[in-house]
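Structural characterization, general
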Amino acid sequence: MSVFVYGSLLAPEVLQVLLGRKPQSKTAVLSGYQRFAIKGRPYPAIVKAVDCCVYGQVFDCLTVSERKVFDLFEGDAYNLTPVQVKLEENGETAAAQVYVYVEHTQDLCGEWDYESFRQISLKDYVEMCKEFMKEIDSDISQIMDRRHN
């Protein structure tokens, strides 16, 4: 199933670190949700909101292991939720899944801005992503070692 992204996963630099590539994507709109900044964090959250919409990208061609990386990266603060998005290129509706924020909604504060993220936080965020990938690579290696012993 397709994945709709709306925050830090829009950045090609982040995708390159997490997936080793930038998957093909389509611009889309998700209605019924609103994107927020989270206090003290560089990445955003979306929550249900009437009469609001979120612009983002839809990835159609993620592998199972790439989806697993996204799941681990988003963690317990987000639930993968089935949604319908409207594709910008043709106006058609498409099924997708999106990571919806489920933690402390009192920490949501104003609109999150992608360009500000790129200017202020991207460099450090990419470094954090590199560390994350080292950690999960190590975890995966340990699991594989246990299976072989």
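It should be emphasised that the depicted structure is a prediction, and the values quoted were computed from it without experimental measurement.

**A look at the side chain of Arg67**
Here Arg67 lies in helix H2 (residues 64-74). Residues contacting Arg67, with those up to four places away along its chain left out, are Met1, Val3, Leu62, Leu80, Gln97 and Tyr99.

**Examining the environment of Leu19**
Its place among the elements puts Leu19 in helix H1 (residues 12-19). When its relative accessible area of 15% is taken as the criterion, Leu19 is described as buried. Among residues more than four places away in sequence, those in contact with Leu19 are Leu62, Glu66, Val69 and Phe70.

**Some points on the environment of Val54**
With respect to the helices and strands, the residue Val54 is situated in strand S3 (residues 44-59). On the basis of relative accessible area, Val54 is assigned to the buried category, the value being 1%. Once the C-alpha coordinates of Val54 and Pro44 are considered, the two residues, 10 residues apart in sequence, prove to be 11 Å apart. Apart from the residues within four sequence positions on either side, Val54 is in contact with Phe4, Tyr6, Ala28, Val29, Leu30, Tyr33, Gln34, Arg35 and Ile46.

What counts, and where the lines are drawn
- Residues numbered from 1 in each chain as written.
- Predicted model: local features only at pLDDT ≥ 70, side-chain atom pairs only at ≥ 80, totals over all residues.
- Heavy atoms only, no water.
- Helix = DSSP H or I, 4+ residues; strand = E, 2+ residues; numbered from the N terminus.
- Contact = heavy atoms within 4.5 Å.
- Buried < 20%, exposed > 50% of the residue type's maximum accessible area, 1.4 Å probe, protein only.

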